[in-house]
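Per-entry structural report
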Amino acid sequence: MARGLIIPFRIETMAFAANPLFSSISTLPLSVRTIPFLYHLPLRCSSSFTTQETIDMTKYHQAFSRRMTLAGLKPHHRIAMGVSGGPDSMALCVLSAHWKTNGLNTSRDSDGFIDGLLAIIIDHSLRAESKEEANIVSSRVSTMGIRCEIVHCEWSDGRPKQGHLQEAARDMRYQHFQKVCIQNQISALLIAHHMDDQAELFVLRLSRHSSVLGLAGMPFISQIFSSYTHSSDAKDYGILLVRPLLDFSKEDMYKICQGGQQTWVEDPTNQSILYARNRIRMSLRDCSSYGFNSELQAVISACQQTRLYVDNVCSNLMNKAVTVTDFGYAVIDLEILNPSKIEDICLSKFIALILQFISQRNRPIRGSTSKLLLDYMRTFPCRTSLTAAGCYICPAPASRGTKALVCCSVDCPLPQTVKFLDALSYTDHQHHTANDIEQIIADSKSHFNRLVPDASEVHFLDTTSESVLSKARRLEMLSESTYKNIMLLQREEVKHFRTKKKVIPESESKDKVKSISMYSEPLFHGKICSFMNRFFVAWKLEKEIPVSAISGEADSHDYMGGGTLCCHCNSCVFGNDMVPEVRHMCESDWLYLADLLKCPTSENSQLKDTSSTDSTSTCLNHARVSAQRALLILKSIPAAARRGLPVLVNDQGLLLSIPSIGFKYCPCLDVTAVFKPRVPLGGGHSLFI
């Protein structure tokens, strides 16, 4: 929640500073200054602000409508907004409510609220007064005819540390945004980021040496995916995140609130220089002029044009040259790809997208790792192997180096990402707006395809982040004064970044990550495991099984009289009350399958301590048949890719099932594993304009 003063119209910086009341507030201790809300204080403004200027809202409504059309959104779609009560989100409420109510067939629900429009207010629960503030903002937004839902955050691990507070709050905020959208069957979430936010992000990323693609800033449209929306049964479209105000300035936010006769909250923490964005915002304000702002936006726009072109090239290449298998690995056809004909920036992005998809790590690939991957892709035919960004890359078997195999590397230290979902209640929360989102994306792409530039129109294809400003100056996008001011902002922020940067001790980092081949997690009956965000794994016990499942013969109706057989698994390796664990496949697993075929009796190492009951014999007979079939499938899977498959073991570590290749030790055990990564290849729909 934003906190501060609710004011009825914008107070310019000079007028604000000139007021004795606010001058005194700025010098008070933090404990005094953060009184949650002061209502309608008797403000004395300069004469130029005593009378509110008439705001032409028509141009804002028209511009907003055009952006929504470009996003593929129509007034009948169910839409949510992230609302803090600040001028940006309140302006978003004003424009969205008008857009909805002026659309065709717009109606009100039984409570008088605009149908299909929801404001989500997040109470981060980091301050005692935040709950009251959330209620006040909800009351004000409700008067606009917008239904509100307040979410109160719970910090199970305690309040985040100061250095990670903003990042943790943002992650928590978007988790709740997605949950509320899913529960309300909402397709799109609107966020009130605007042009000034984009400028701040440009300077911030410039100081962190981001690539040209990073300097493109925030996308106008993107898809966000989470384990909450991840569905094992249907295609997962996630939630569309739309920023319709990127063409508007901060000045516009105040004017829209004024024109809509809405008050807002100013957050005093936005003045704290502890946060990088605040420092940059203040510095940009000092540099602000029409010329500076327009030139900076021109450079950002050129970066976005580069991003548009690169994303389009990568999408086409993935459709032509990449094959993704159900076993969790990808194959790149290097002959079709023809790496020598692709610009470095496109090829680097292409391989990064594939590695991020296979590993399901949302980390950018930069520096020496990016160069190493680029050199590898440039070598044709490929002869060597490479481990990078959580993936293992090598020549595909029998391809003579004309194809590259990309699979998950289980030896890389990664944070544990095993999530468990309830198999029954999970179905109730699946995304029911897939058709809406699919149509929205299709409509958006129809506009997007006309916006993709030719290579000749893209200025920064061969430009590094260090040389973007220099090239922009040569192209006369930037004047000398604007160039110097941006360079000064960059240098100042680099100083702050270097002094703040802290190296995490090796002993501390080891506690937070571990090799994904090291651990296993218990998988209880009735639960679905999202394993490494790549596979959905679930199991159940069948009370009765077909005789053919035991004999291995599909037409064996004479075996034990045909029909079905009751099996209780009292003495096989599964056990009656055992909870299986899920882990990655290792070499000993496929060696064990081969041993099953060699050992016709209980001499097998996994059966030495089991009694030779009929149930055990039944399971062992089934295991031999199942292993024989599984080995035939396993031979078609490259050895490097096998280690990425999930397996189930018992509490003693003995193999129960390798579901991806159909092996299960006990005929009563029904295990499924579906390769369905949380984030699709390419990262989902996005548009930078």
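Description of the structure in this document. (Residues numbered from 1 in each chain as written. Predicted model: local features only at pLDDT ≥ 70, side-chain atom pairs only at ≥ 80, totals over all residues. Heavy atoms only, no water.)

Our focus in this paragraph is the overall build of the protein chain. A count of helical and extended segments in the protein chain gives 24 helices and 26 strands. Here the protein chain, with 689 residues, has 52% of them falling under the buried criterion. Across the protein chain, every contact between residues at least 6 apart in sequence was considered, and the portion connecting residues at least 24 apart equals 75%. Surface exposure of the protein chain reaches about 32700 Å², of which carbon and sulfur atoms provide 51%. (Helix = DSSP H or I, 4+ residues; strand = E, 2+ residues; numbered from the N terminus. Buried < 20%, exposed > 50% of the residue type's maximum accessible area, 1.4 Å probe, protein only. Contact = heavy atoms within 4.5 Å. Areas by Shrake-Rupley, 256 points an atom, 1.4 Å probe, with all protein chains shown as cover.)

As a further point, take the side chain of Ser222. You can see Ser222 is positioned in strand β6 (residues 221-224). A relative accessible area of 12% means that Ser222 is categorised as buried. In this view, Ser222 contacts Ile239, Leu240, Leu241, Arg243, His685 and Ser686; residues no more than four positions away in its chain are not counted.

With that settled, the discussion passes to the sheet that holds strand β4 (residues 147-152). Strand order in the open sheet made by the six strands is β4-β3-β2-β5-β7-β6, with mixed pairing throughout. Both outer strands of the open sheet, β4 and β6, are each paired with one neighbouring strand and no more. Strand-to-strand, the axes of this sheet are offset by a mean angle of 30°, without reference to chain direction. Pairing analysis gives three bridges linking strand β5 (residues 188-190) to strand β7 (residues 239-242), with the strands arranged parallel. Directly across from Leu190, in β7, lies its bridge partner Val242. In the packing of helix α5 (residues 87-101) onto the sheet, contacts are made with β2 (79-82), β3 (117-123) and β5, and the angle to β2 comes to roughly 165°. (Pairing = 2+ DSSP bridges. Axes fitted to C-alpha atoms, helices over the stretch in contact; angles between N-to-C directions.)

Let us now look at the packing of aromatic side chains. Scanning the entire structure with this criterion turns up six aromatic pairs. For the ring pair Phe64 and Trp99, a centre distance of 6.4 Å and an interplane angle of 80° mean the geometry is edge-to-face. Within this pair, whereas Phe64 is found in helix α4 (residues 57-70), its partner Trp99 is found in helix α5, the two being separated by 35 residues in sequence. The pair formed by Phe64 and Trp99 is uniform in burial state, with each residue classed as buried. Clustering of aromatic rings is evident, with ring pairs tying together Phe357, Phe535 and Phe675. Positioned above the aromatic ring of Tyr174 is the side chain of Arg170, whose terminal nitrogen or guanidinium carbon lies 4.4 Å from the ring centre. A cation over an aromatic ring shows up here: Arg473 above the ring of Tyr483, its NZ or CZ 3.9 Å from the ring centre. (Phe/Tyr/Trp six-rings, centres within 6.5 Å; stacked < 30°, edge-to-face > 60°. Lys NZ or Arg CZ within 6 Å of the ring centre and 35° of its normal.)

Taking strand neighbours across the sheet as the criterion, the five strands line up as β9-β10-β13-β12-β11 in an open arrangement whose pairing is antiparallel. Two strands bound the open sheet, and with one partner strand each, they are β9 (322-324) and β11 (386-388). The mean inter-strand angle of the sheet, taken between neighbouring strand axes irrespective of direction, is 20°. Pairing of β11 with strand β12 (residues 391-395) involves three bridges; the strand directions are antiparallel. Bridge assignment links Ala388 to a residue of β12, and that residue is Cys391. On the sheet, helix α12 (residues 290-321) packs against β9 and β10 (330-333) and is oriented at approximately 65° with respect to β9. Docked against the sheet, helix α15 (residues 367-378) engages β10, β11 and β12, running at close to 145° with respect to β11.

Attention shifts here to the environment of Ala97. Structurally, Ala97 is set in helix α5. Placed 48 residues apart in sequence, Ala97 and Gly145 show a C-alpha to C-alpha distance of 7.7 Å. Those residues within four positions of Ala97 in sequence are excluded, and the remaining contacts are Ile114, Leu117 and Ile146.

Each pair of packed helices can be summarised by the angle the axes make with each other and by the distance between the axes. Between α12 and helix α14 (residues 344-359), the least distance of the axes is 9 Å, while the angle of their chain directions is 55°. Taken together, α12 and α14 sit at an angle that is classed as oblique. As α12 packs across α14, the resulting crossing turns out to be right-handed. The residues of α14 that touch α12, namely those facing Thr306, Arg307, Tyr309, Val310, Asp311, Val313, Cys314, Leu317 and Met318, are Ile345, Cys346, Lys349, Phe350 and Leu353. Split by residue class, the contact of α12 with α14 holds ten nonpolar, one polar and three charged. (Parallel < 35°, antiparallel > 145°, perpendicular 65-115°, else oblique. Left-handed = near helix turned anticlockwise from the far one by under 90°. Nonpolar A, V, L, I, M, F, W, Y, C, P; charged D, E, K, R; others polar.)

Moving on to the pairing of β12. Regular strands show a simple pattern: their side chains alternate between the two faces of the sheet. The hairpin formed by β11 and β12 contains two residues between the paired strands, and Ala389 there has a positive phi angle of roughly 50°. Inspection of the sheet shows β12 paired to strand β13 (residues 403-408) by five bridges, in the antiparallel sense. Note on β13: the bridge partner recorded for Cys394 is Leu405.

Oppositely charged side chains can pair when the atoms bearing their charge come close. Counting across every chain of the model gives 17 salt bridges. The salt bridge involving Arg67 is made with Asp247; its shortest N-O contact spans 3.1 Å. Of the two residues, Arg67 is situated in helix α4 and Asp247 in the loop between β7 and α10 (250-259); the sequence distance between them amounts to 180 residues. The salt bridge involving Arg473 is made with Glu480; its shortest N-O contact spans 3.2 Å. In this structure Arg473 comes out as partly exposed when scored by relative accessible area, which is 30%. Taken together, the salt bridges that share partners define one network made up of Arg127, Glu129 and Glu133. (Salt bridge = Lys/Arg side-chain N within 4 Å of Asp/Glu carboxyl O.)

Quick look at the packing of helix α8 (residues 195-207) against helix α11 (residues 276-287) now. Interhelical geometry of α8 versus α11 gives an angle of 110° and a closest axis separation of 9 Å. With respect to α11, the axis of α8 lies roughly perpendicular. Relative to α11, the crossing made by α8 is right-handed. On α11, the residues that touch Asp197, Ala199, Glu200, Leu201, Val203 and Leu204 of α8 are Ala276, Arg277, Ile280, Arg281 and Leu284. Tallied by class, residues from the contact of α8 with α11 come to seven nonpolar, no polar and four charged.

For β13, the buried fraction is high: five of the six residues fall into the buried class. For β10 and β13, the ladder comprises four bridges, and the chain directions are antiparallel. Paired with Ile332 across the strands is Ala404, a residue of β13.

What follows deals with the nonpolar core. Counting 171 residues, the largest nonpolar core has Phe202, Ile332, Phe350 and Phe663 as its most contacted members. Per element, the largest residue contribution to this core is 14 residues, and it comes from α12. Setting aside residues no more than four positions away along its own chain, Phe202 makes contact with Leu215, Leu296, Val299, Ile300, Cys303, Leu469 and Ile486. Tyr174, Ile186, Ile239 and Leu241 belong to the second largest nonpolar core, which has 18 residues in total. (Core = buried A, V, L, I, M, F, W, Y, C linked by side-chain atoms within 4.5 Å.)

This part covers the state of the cysteines. Enumeration over the complete set of coordinates arrives at zero disulfides. Sulfur of Cys257: no disulfide; nearest cysteine sulfur belongs to Cys93 and is 8.8 Å away. Take Cys257: its relative accessible area is 0%, and that puts it in the buried class. (Disulfide = S-S within 2.5 Å.)

Quick look at unusual backbone geometry now. In most cases, non-glycine residues show a negative phi, while peptide bonds are predominantly trans. Cis geometry marks the peptide bond from Phe380 to Pro381; its omega dihedral reads -5°. Locating Pro381 in the fold gives a position in the loop between α15 and β11. Residue Ser125 is not a glycine yet carries a positive backbone phi of 55°. Among the structural elements, Ser125 can be located in the loop between β3 and α6 (130-142). Despite not being glycine, Gln185 has its phi angle at roughly 55°, a positive value. Along the chain, Gln185 turns up in the loop between α7 (165-183) and β5.

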